[in-house]
Amino acid sequence: MFETLPAPKLDAIIALMQAYAADPREGKIDLGVGVYRTEDGRTPVMAAVKAAEAQIVETQDSKSYLALAGDRAFLEQMEALLLGGAVPSERVAAVGTPGGTSAVRQICELVRTARPEAVIWVSAQTWPNHLPLIRAAGLNAQSYRYLDTQSGGLDRAGLFADLEHVSAGDVVLLHGCCHNPTGVDLAAQDWADMAALLERRGAVPFIDMAYQGFGEGLDADAGGLRHLAARLPEVLVAASCSKNFGLYRERVGIAMAIVAPDRRDTLAATLAGLNRQAFAFPPDHGGRVVSTILSDPSLRRSWQAELDAMRARVQDNRRALADALRAATGSDRFAGVGSAQGMFSILPLSPAEITALRDAHGVYVLGDGRANMAGLSSRNIMACAEAIRDVTR
Ligand code: LMR
């Protein structure tokens, strides 16, 4: 059966994680996988998560199955966190998923079930797993321009020109905030123009929200999503609690369809049925941690304060790296790093420079130049800037 099975191509992020782990050098610097790190390189369990887990261990009296959609309290709290009341709950169908990755996959399955000929439009630079997930669901993808590689900012003209070609019933995948990998986000006016374009073309936005809280703040980061949800008849959402609750390995995500009230029950049942086919019930523990935190004012305050501090640290790192690169290289080539949002930026480096950075200096960034600002610290920022200077001169 398996004689002719080809070896799969390893995902770029997973391959980089493995290469970093296998590197014996002491001073190696991990700017690869998108996880938060403290100044001393740890990815801690957040204090509110620890407290919520203790409560759950103490009070939980059954591990029996719940609904295919997962725990209702989790779904309600996540709806409020994401949508902030921008649309009435009668329009929202949602299910829990194992992480944001499965949320993306389940939304793709939903699109395929409803409209297999729909094209999913994806920004030219995107999370390396988006296209494999879309294709695994049997859908076709098209790319639209996003990053202006000259300025390091948004290619606004290219983006809107390309999206003029979307057909009615197509789906446009947008990063809710902290665009992965560029760190370049849509401004309020861009979201308004996006809503107008999608409305005119009859296309459906699909918001991937993996970093809410890491851009400008929890509500500000959801501003684009809320604007689209309030204005358009149909909006799809995949959200992750990996980063903002630090629940990576627990796999906590939500897939959501915002539709007309009379379609809500059909969408909820379809999403639940798709869960049944893929994994039946979503994992419960992480989602229960999230709903425990969000429904307890004191835990919520603690969580939000810790998240605010994480965001501030990543922003400080970003600015410090931009300054160090300006000083080390004597140029503004890396200025875009300082103005981006969230964990990532694309370092404008050639493939040869990226390889040299890894091989000669032990600095790990993705093959497209994506660097995770959370992996920087006061101990390694200068070394990192000097390594980049060395490979680019
Ligand atoms: C990343 O982009 O590095 C993270 O979202 C981790 C992942 O699953 O790829």
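What counts, and at which threshold
Residues numbered from 1 in each chain as written. Predicted model: local features only at pLDDT ≥ 70, side-chain atom pairs only at ≥ 80, totals over all residues. Heavy atoms only, no water. Helix = DSSP H or I, 4+ residues; strand = E, 2+ residues; numbered from the N terminus. Rg over C-alpha atoms; globule rule 2.2 N^0.38 Å. Buried < 20%, exposed > 50% of the residue type's maximum accessible area, 1.4 Å probe, protein only. Lys, Arg positive; Asp, Glu negative; His and termini not counted. Charge placed at Lys NZ, Arg CZ, Asp CG, Glu CD. Near = heavy atom within 4 Å. Polar contact = N/O pair within 3.5 Å; in protein donor to acceptor, adjacent residues only side chain to side chain. Areas by Shrake-Rupley, 256 points an atom, 1.4 Å probe, with all protein chains shown as cover. Nonpolar A, V, L, I, M, F, W, Y, C, P; charged D, E, K, R; others polar. Domains from an automatic or database assignment. Axes fitted to C-alpha atoms, helices over the stretch in contact; angles between N-to-C directions. Parallel < 35°, antiparallel > 145°, perpendicular 65-115°, else oblique. Left-handed = near helix turned anticlockwise from the far one by under 90°. Contact = heavy atoms within 4.5 Å. Pairing = 2+ DSSP bridges. Salt bridge = Lys/Arg side-chain N within 4 Å of Asp/Glu carboxyl O. Buried area = accessible area lost by both parts, 1.4 Å probe.

Asks: Whenever I open this one, the overall build of the chain confuses me. Can you help?
Replies: When helices and strands are tallied, the chain shows 15 helices and eleven strands. Taken against the 2.2 N^0.38 rule, which gives 21 Å for 393 residues, the C-alpha radius of gyration of the chain at 21 Å falls within 12% of a compact globule. Structurally, the chain occupies a C-alpha span of about 60 × 55 × 55 Å along its principal axes. For the chain, with 393 residues in total, the buried portion stands at 53%. Both charge centroids of the chain, one from 39 positive and one from 45 negative side chains, sit 2 Å from each other.

Asks: Hey, could you run me through the site of the ligand in this one?
Replies: Every residue close to the ligand is listed here: I13, V33, G34, W127, N180, Y211, K243 and R370. With respect to the ligand, the side chain of N180 contributes an N or O atom lying 3.0 Å from an oxygen atom. Between an oxygen atom of the ligand and a side-chain N or O atom of K243, the distance comes to 2.9 Å. Relative to its free-state accessible area of 260 Å², the ligand is covered by the protein chains to the extent of 78%. Its residues assigned to classes, the shell around the ligand shows four nonpolar, two polar and two charged. Split by domain, the residues of the shell around the ligand number at least three in each of domain 1 (12-44 + 300-392) and domain 2 (65-295).

Asks: Got a minute to help me understand the packing of helix α14 (residues 351-361) against helix α15 (residues 381-392) in this structure?
Replies: Helix-helix packing is described using two parameters, namely the angle between the two axes and the distance between the axes. Two numbers describe how α14 lies on α15: the axes approach to 9 Å, and their chain directions differ by 125 degrees. The pairing of α14 with α15 is recorded here as oblique in orientation. α14 and α15 meet at a crossing whose hand is right-handed. Within the contact between the two elements, α14 uses E353, A356, L357 and H361 and α15 uses A387, I388, D390, V391 and T392.

Asks: Can you walk me through the sheet that holds strand β4 (residues 140-144) in this structure?
Replies: Through backbone hydrogen bonds, the strands of a sheet pair up, either in parallel or in antiparallel fashion. With respect to topology, seven strands assemble into an open sheet ordered β2-β8-β7-β6-β5-β3-β4, the strand pairing being mixed. Each having just a single partner strand, β2 (92-97) and β4 make up the two edges of the open sheet. Averaged over neighbouring strand pairs, the angle between their axes works out to 20 degrees when direction is ignored. As judged from the five bridges shared by strand β3 (residues 119-123) and β4, these two strands associate in the parallel manner. Across the sheet, residue I120 finds its bridge partner in β4, namely A141. The sheet contacts of helix α4 (residues 99-114) involve β2, β3, β5 (171-175), β6 (204-209), β7 (235-240) and β8 (253-258), and relative to β7 the element is tilted by about 160 degrees. Running at roughly 170 degrees to β5, helix α7 (residues 188-201) makes contact with β5 and β6 of the sheet.

Asks: Is there a simple way to explain the pattern of salt bridges in this structure?
Replies: Close approach of charged atoms lets side chains of opposite charge pair. Scanning all chains against the criterion turns up 23 salt bridges. A salt bridge links R313 to E39, with the nearest nitrogen and oxygen atoms 3.0 Å apart. Taken as a pair, R313 in helix α12 (residues 297-329) and E39 in the loop between β1 (29-30) and α2 (47-59) lie far apart in primary sequence, 274 residues in all. Judged by relative accessible area, E39 falls into the partly exposed class, the value being 32%. The shortest N-O distance in the salt bridge between D162 and R145 comes to 2.9 Å. One end of the pair, D162, is in helix α6 (residues 156-163); the other, R145, is in the loop between β4 and α6, with 17 residues separating them in the sequence.

Asks: Explain the environment of D390 here, please?
Replies: Counting through the fold element by element, D390 comes out in helix α15. Taking relative accessible area as the criterion, D390 reaches 30% and is therefore assigned partly exposed. As a C-alpha pair, D390 and D193 span 197 residues in sequence and 42 Å in three-dimensional space. Within the local environment of D390, its side chain forms a polar contact with the side chain of R393, the two groups lying 3.1 Å apart.

Asks: What is the right way to look at the packing of α7 against helix α9 (residues 223-231) in this model?
Replies: Direction vectors running N to C along α7 and α9 enclose 35 degrees, while the axes themselves pass 10 Å from each other. The chirality of how α7 crosses α9 is right-handed. Contacts between α7 and α9 pair W191, A192, A195, A196 and E199 from the former with G224, H227, L228 and R231 from the latter. Of the residues contributing to the contact of α7 with α9, the split by class is five nonpolar, two polar and two charged.

Asks: Is there a simple way to explain the domain arrangement of the chain in this structure?
Replies: Under the domain assignment used here, the chain contains domain 1 (12-44 + 300-392) and domain 2 (65-295). On a C-alpha basis, the centroid separation for the pair domain 1 and domain 2 is 26 Å. Taken together, the contacts link 21 residues of domain 1 with 25 residues of domain 2. Looking only at domain 1, the three residues that lose the most surface to domain 2 are R300, W303 and Q341, adding up to 30% of its buried area. For the pair domain 1 and domain 2, the number of links is zero salt bridges. Remark: the boundary between domain 1 and domain 2 carries ten residue pairs in polar contact (both at pLDDT 80 or more). Secondary structure elements with two or more residues in the side of domain 1 that touches domain 2: α12 and β9 (344-346). Counting residues per element, the side of domain 1 that touches domain 2 draws most heavily on α12, at seven residues. Residue composition of the side of domain 1 that touches domain 2, grouped by class: ten nonpolar, seven polar and four charged.

Asks: Help me out: how do you make sense of the environment of L325 in this one?
Replies: Position of L325 among the secondary structure elements: in helix α12. Take L325: its relative accessible area is 0%, and that puts it in the buried class. A C-alpha to C-alpha distance of 30 Å links L325 and A188, two positions 137 residues apart in sequence. Aside from chain neighbours lying at most four places away, what touches L325 is G330, S331, F334, A385 and I388.

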